[in-house]
Amino acid sequence: MGQHKKVRKAVFPVAGLGTRFLPATKAVPKEMLTVVDKPIIQYVVDEAMEAGIEHFVFVTGRSKHVIEDYFDIQFELEHTLRERNKKAEITLLSQQLPKAGTVSFTRQQEPLGLGHAVWCAREIVGDEPFALLLPDMIMRGEKGCMKGMIDLYAHSGGNIVAVEECEPEQAHKYGIVGVGDAIGEGFRITSMVEKPAKGTAPSNFFINGRYILQPEIFAILENQERGAGNEIQLTDGMLKLLRDQDFAGYHFRGTTYDCGAKDGFILANVAFALARADIRPSIEEGFKALLAGLK
Ligand code: G1P
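Attention here is on the structure that accompanies the text.

**Some thoughts on the layout of surface pockets**
Considered as a void within the structure, the largest pocket measures approximately 1400 Å³ in volume. In terms of lining residues, the largest pocket is bounded by 45 residues, among which Arg20, Lys30, Asp136, Lys195 and Asp258 are the most central. Those elements that provide at least two residues to the lining of the largest pocket are helix 5 (114–119), strand 8 (159–165), strand 11 (205–213), strand 13 (255–258) and helix 10 (262–274). Its residues assigned to classes, the lining of the largest pocket comprises 19 nonpolar, 14 polar and 12 charged. What the second largest pocket holds in volume is close to 660 Å³.

Right, here's the structure in full:
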């Protein structure tokens, strides 16, 4: 343990247009939509913080500046809270804020795909392994998904991709991995394919949006041709890196909510609300009444 270069930085690709959530996302980035009382992006940053990440790199796009404001001090608000002696709220805001100087922003100028978005972070990440967290996916589990991956990385080094099982007929929606020998809480990845045509997936283990990658991925992404959906795909780049480096699949056993889809977003709200002692009773009561009324 400990011989592998520490994973200090995390990349958050937040340039997506959020077309599946129009009109809500016309003026508000999808990452700022709230699950209970926090924006989606806060859950993902919290997961990275729990895993010991020290530097947060956001790949943004035009009309996403509100994300930058969110991870800054809101001077007027905090001044007013202090005057009104609102201690709980002040603590809440300070817990949510990464330390000064630990957040970087860069822009993906054109929506060319996830592989291109990750490549846009190359100068800020530099020559070290990094975490990548896709903000569409938020997770609930005993241990955060990224924390579990960092623990596995301490033993395995190399590259790690978190995976979960899906119904075989859902495989065409995701990146899918080929399964090799067992290692720790996962297995060696033998192949990868982005959005396989129906019936061609090598397994039902899908990539859930959490990665630990070695910096050699950047040189590959620089020359990566367009793949599925005519986009520069990260999965295609990883497949090339797999020729030279090891990839482990970390089998995440918690629950993942795809907040990029309406049903996943609503389920996330329900699940995180029910996990909150302060609001669970009233939500439960409301649901009972609602379901009774629907019968
Ligand atoms: C991206 C990745 C895919 C992964 C998915 C998880 O796809 O390319 O491999 O399975 O995220 O959400 P997207 O959802 O951007 O189409």
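Here the narrative resumes, following the displayed structure.
**A short note on unusual backbone geometry**
Residues Leu22 and Pro23 are joined by a peptide bond in cis, for which omega reads 5 degrees. For Pro23, the position within the fold is in the loop between strand 1 (9–13) and strand 2 (34–35).

**Digging into the packing of aromatic side chains**
Remark: the centre distance and the inter-plane angle together describe each pair of aromatic rings, the angle taken between the planes. Considering all chains together, one arrives at 11 aromatic pairs under this definition. Residues Phe58 and Phe105 carry aromatic rings whose centres are separated by 5.2 Å and whose planes lie at 20 degrees to one another, so their mutual orientation is stacked. Taken as a pair, Phe58 in strand 4 (residues 55–60) and Phe105 in strand 5 (residues 103–107) lie far apart in primary sequence, 47 residues in all. Phe105 gets classed as partly exposed once you look at its relative accessible area, which sits at 26%. Here a set of aromatic residues connected by ring pairs shows up, and it is made of Phe12, Phe56, Phe58, Tyr70, Phe71 and Phe105. The cationic tip of Lys38 hangs over the ring face of Tyr43; the distance from NZ or CZ to the ring centre is 4.4 Å. Note that Arg122 overlies the ring of Trp119, its terminal NZ or CZ placed 3.8 Å from the centroid.

**Description of the environment of Ser104**
Its place among the elements puts Ser104 in strand 5. Taking the C-alpha atoms as reference, Ser104 lies 9.9 Å from Val125; in sequence the two are 21 residues apart.

**Focus: the nonpolar core**
Of all hydrophobic cores here, the largest spans 48 residues; its most connected members are Phe12, Val35, Phe58 and Ile138. In contact with Phe58, other than residues within four places in its own chain, are Phe12, Val14, Ile41, Val45, Ile67, Phe71, Val103, Ser104, Phe105 and Thr106. Among the nonpolar cores identified, the runner-up in size contains 31 residues, and Val118, Ala121, Val163 and Ile217 belong to it.

**A closer look at the packing of helix 10 against helix 11 (residues 280–294)**
At a minimum axis distance of 8 Å, the contact between helix 10 and helix 11 shows a crossing angle of 130 degrees. In terms of orientation, helix 10 and helix 11 fall into the oblique class. From helix 10, Val270, Ala273 and Leu274 reach across to helix 11, where they touch Arg280, Ile283, Glu284 and Phe287.

Rules used throughout
Residue numbers restart at each chain and count upward from 1, following the sequence in its written direction. Restriction of local features to residues with pLDDT of at least 70 applies here, the model being predicted, together with a cutoff of 80 or more for giving and counting side-chain atom pairs; totals for whole chains, interfaces and linings are based on all residues. Think of the side-chain values as coming from all heavy atoms in the structure, minus any hydrogens and water. Here a cavity is any set of points on a 1 Å grid over the protein atoms alone where a 1.4 Å probe fits but cannot get out, and a pocket is any open set with protein on both sides within 12 Å along at least 5 of 7 lines; a residue lines the site when it has an atom within 4 Å of a point. Grid points are joined across faces, edges and corners, and a volume is the space filled by probe spheres set on the points. The way it works is that DSSP assigns letters per residue, a run of H or I at least four long becomes a helix, a run of E at least two long becomes a strand, and they are numbered from the N terminus. All amino acids are sorted into three groups, where Ala, Val, Leu, Ile, Met, Phe, Trp, Tyr, Cys and Pro are nonpolar, Asp, Glu, Lys and Arg are charged, and the leftover types, Gly among them, are polar. Between the rings of Phe, Tyr and Trp (Trp by its six-membered ring), a pair exists once the centres lie within 6.5 Å; its type follows the angle of the planes, with under 30 degrees stacked, over 60 edge-to-face, and the other angles tilted. Throughout this description, buried means an accessible area under 20% of the type-specific maximum (1.4 Å probe, protein chains only), exposed means over 50%, and partly exposed covers the range between. Only lysine NZ and arginine CZ atoms are considered, and such an atom sits over a ring when it is within 6 Å of the ring centre and within 35 degrees of the ring normal. The set of buried Ala, Val, Leu, Ile, Met, Phe, Trp, Tyr and Cys residues whose side-chain atoms join them within 4.5 Å is what this entry labels a nonpolar core. In this description, contact between two residues means that some pair of their heavy atoms is separated by no more than 4.5 Å. Working convention: axes come from line fits to C-alpha atoms, limited for helices to the stretch in contact. Angles between N-to-C directions cover 0 to 180 degrees. For classification purposes, an angle smaller than 35 degrees is called roughly parallel, one larger than 145 roughly antiparallel, one from 65 to 115 roughly perpendicular, and anything else oblique.

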